[in-house]
Amino acid sequence: MAITVLFFASLAEAVGKRELSLAHVAGDTVASVRERLVAEHPQIAEFTETLLYAVDEEYAEEDAPVPAGATLALIPPVSGG
Amino acid sequence: MLIRVTPERLNPEEAIEAVRRDEAGAVDVFLGVVRNTNKGRAVDHLVYDAYPSMAEKTMRELAEEAVERFDLADSAVLHRTGRLEIGETSLLVAVSAGHRAATFEAGHWLVNEIKRRVPVWKKEVWADGEEWIEGPESLGMERAPATMRGS
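None of these values were measured; they are calculated from a predicted model.

## Examining the overall build of chain A
- In terms of regular secondary structure, chain A is built from 2 helices and 5 strands.
- Secondary structure of chain A in N-to-C order comes out as β-α-β-α-β-β-β.
- A globule of 81 residues ought to have a C-alpha radius of gyration of about 12 Å, and chain A, at 12 Å, matches this closely.
- Classification of the 81 residues of chain A by burial places 49% in the buried group.
- Carbon and sulfur atoms provide 52% of the accessible area of chain A, an area that totals close to 3,500 Å².
- Looking at chain A, you have 4 positive and 13 negative side-chain charges, and the mean spots of the two groups are 7 Å apart.

## Here we look at the pattern of salt bridges
- Going through the model one piece at a time under the given rule, you end up with 15 salt bridges over all chains.
- Among the salt bridges present, the one from R34 of chain A reaches E62 of chain A, with a minimum N-O distance of 3.2 Å. Of this pair, R34 of chain A sits in helix 2 (residues 30-40) while E62 of chain A sits in the loop between strand 4 (58-60) and strand 5 (71-75), placing them 28 residues apart in sequence.
- Taking relative accessible area as the criterion, E62 of chain A reaches 35% and is therefore assigned partly exposed.
- Notably, a salt bridge pairs K123 of chain B with E130 of chain B, separated by 3.0 Å at the nearest N-O pair.
- With a relative accessible area of 9%, K123 of chain B lands in the buried category.
- By relative accessible area, which is 45% here, E130 of chain B ends up partly exposed.

## Some thoughts on the sheet that holds strand 10 (residues 129-132) of chain B
Residue and element names in this part refer to chain B.
- Pairing is antiparallel in the open sheet, where 4 strands are placed in the order 7-5-9-10. The outermost strands of the open sheet, each flanked by one partner alone, are strand 7 (82-85) and strand 10. Put simply, the sheet's adjacent strands are angled 25° from each other on average, direction ignored.
- Inspection of the sheet shows strand 5 (residues 45-50) paired to strand 9 (residues 120-126) by 6 bridges, in the antiparallel sense. Note on strand 9: the bridge partner recorded for V47 is K123.

## Description of the pairing of strand 5 of chain B
Residue and element names in this part refer to chain B.
- The element strand 5 is extensively covered by neighbouring structure, given that 5 of its 6 residues are classed as buried.
- Of the pairings in the sheet, the one linking strand 5 to strand 7 comprises 4 bridges and is antiparallel in character. Bridge pairing in strand 7 places V47 opposite R83.

## Quick notes on the side chain of S10 of chain A
- With respect to the secondary-structure elements, S10 of chain A resides in helix 1 (residues 9-15).
- A residue is classified by how much of its surface remains accessible, and S10 of chain A, at 16% relative accessible area, is buried.
- If sequence neighbours within four positions are ignored, S10 of chain A has contacts with F47 and P76 of chain A together with W132 and E134 of chain B.

## A short note on helix 3 (residues 100-117) of chain B
All names here are of chain B.
- The terminal C-alpha atoms of helix 3 lie 26 Å apart, and with 18 residues this matches the ideal 26 Å at 1.5 Å per residue to within 8%.
- Buried within helix 3 we find T103, A106, G107, W109, L110, V111, E113 and I114.
- Looking at the buried positions of helix 3, the neighbouring elements they touch are strand 2 (26-33), helix 2 (52-70), strand 6 (74-80) and strand 8 (89-97).

## What to know about the packing of aromatic side chains
- Under the definition given, this model contains 3 aromatic pairs over all chains.
- Connected via pairs of aromatic rings, a cluster forms that spans F8 of chain A together with Y51 and W121 of chain B.
- In this structure, R41 of chain B is placed above the aromatic ring of W126 of chain B, and the distance from its NZ or CZ to the ring centre is 3.5 Å.

The rules we used
- Residues numbered from 1 in each chain as written.
- Chains lettered and ligands numbered in written order.
- Predicted model: local features only at pLDDT ≥ 70, side-chain atom pairs only at ≥ 80, totals over all residues.
- Heavy atoms only, no water.
- Helix = DSSP H or I, 4+ residues; strand = E, 2+ residues; numbered from the N terminus.
- Rg over C-alpha atoms; globule rule 2.2 N^0.38 Å.
- Buried < 20%, exposed > 50% of the residue type's maximum accessible area, 1.4 Å probe, protein only.
- Areas by Shrake-Rupley, 256 points an atom, 1.4 Å probe, with all protein chains shown as cover.
- Lys, Arg positive; Asp, Glu negative; His and termini not counted.
- Charge placed at Lys NZ, Arg CZ, Asp CG, Glu CD.
- Salt bridge = Lys/Arg side-chain N within 4 Å of Asp/Glu carboxyl O.
- Pairing = 2+ DSSP bridges.
- Axes fitted to C-alpha atoms, helices over the stretch in contact; angles between N-to-C directions.
- Contact = heavy atoms within 4.5 Å.
- Expected span 1.5 Å × (residues − 1).
- Phe/Tyr/Trp six-rings, centres within 6.5 Å; stacked < 30°, edge-to-face > 60°.
- Lys NZ or Arg CZ within 6 Å of the ring centre and 35° of its normal.

This is the structure:
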């Protein structure tokens, strides 16, 4: 099963899409998925310093597992309100 | 508990009615309103993006935590998305409690936490350009270079 990746705001504009699907690799973590994403879309590298991550709508650290079928959201610093 | 992320106009009366209780002598309402200027620059309008399902989940968790922490009767959090003109309401928070002190504190706490945690973003649009704003209070900004955090 694949992983769904979501982009928002400035990052969605930089990548040129809001969503993509990625093959799952056994043992995937936030960091390993991000590595494949940056290889495919180098413009993501500029954002990583301040990016937050959510796995299935829960904030997650870089070493958190990303299971098959999960949704990984790349979240720039939020500015709601 | 009224929680909503929506492109529709926010109505304070709806949130007030949602949190009003016979035993609650105080209702505190906060409106975040689109301002016509930011950092000395004239703002034409704002565009809000959101991760709606996670935003609603995070807003609900914070609203529940506020009820717990401040012994509220109820709380409501609504956030608007899409294009907002100057003077329109982007964020609506209402809390109720037996007495006013708890509502003031809870409202203040909730708005601060919403700005730190809820996955919503604003883009400022000026006459001659636009920029996505990175919230200085956002989770994760402690890793940013000092120039991005402001002071």
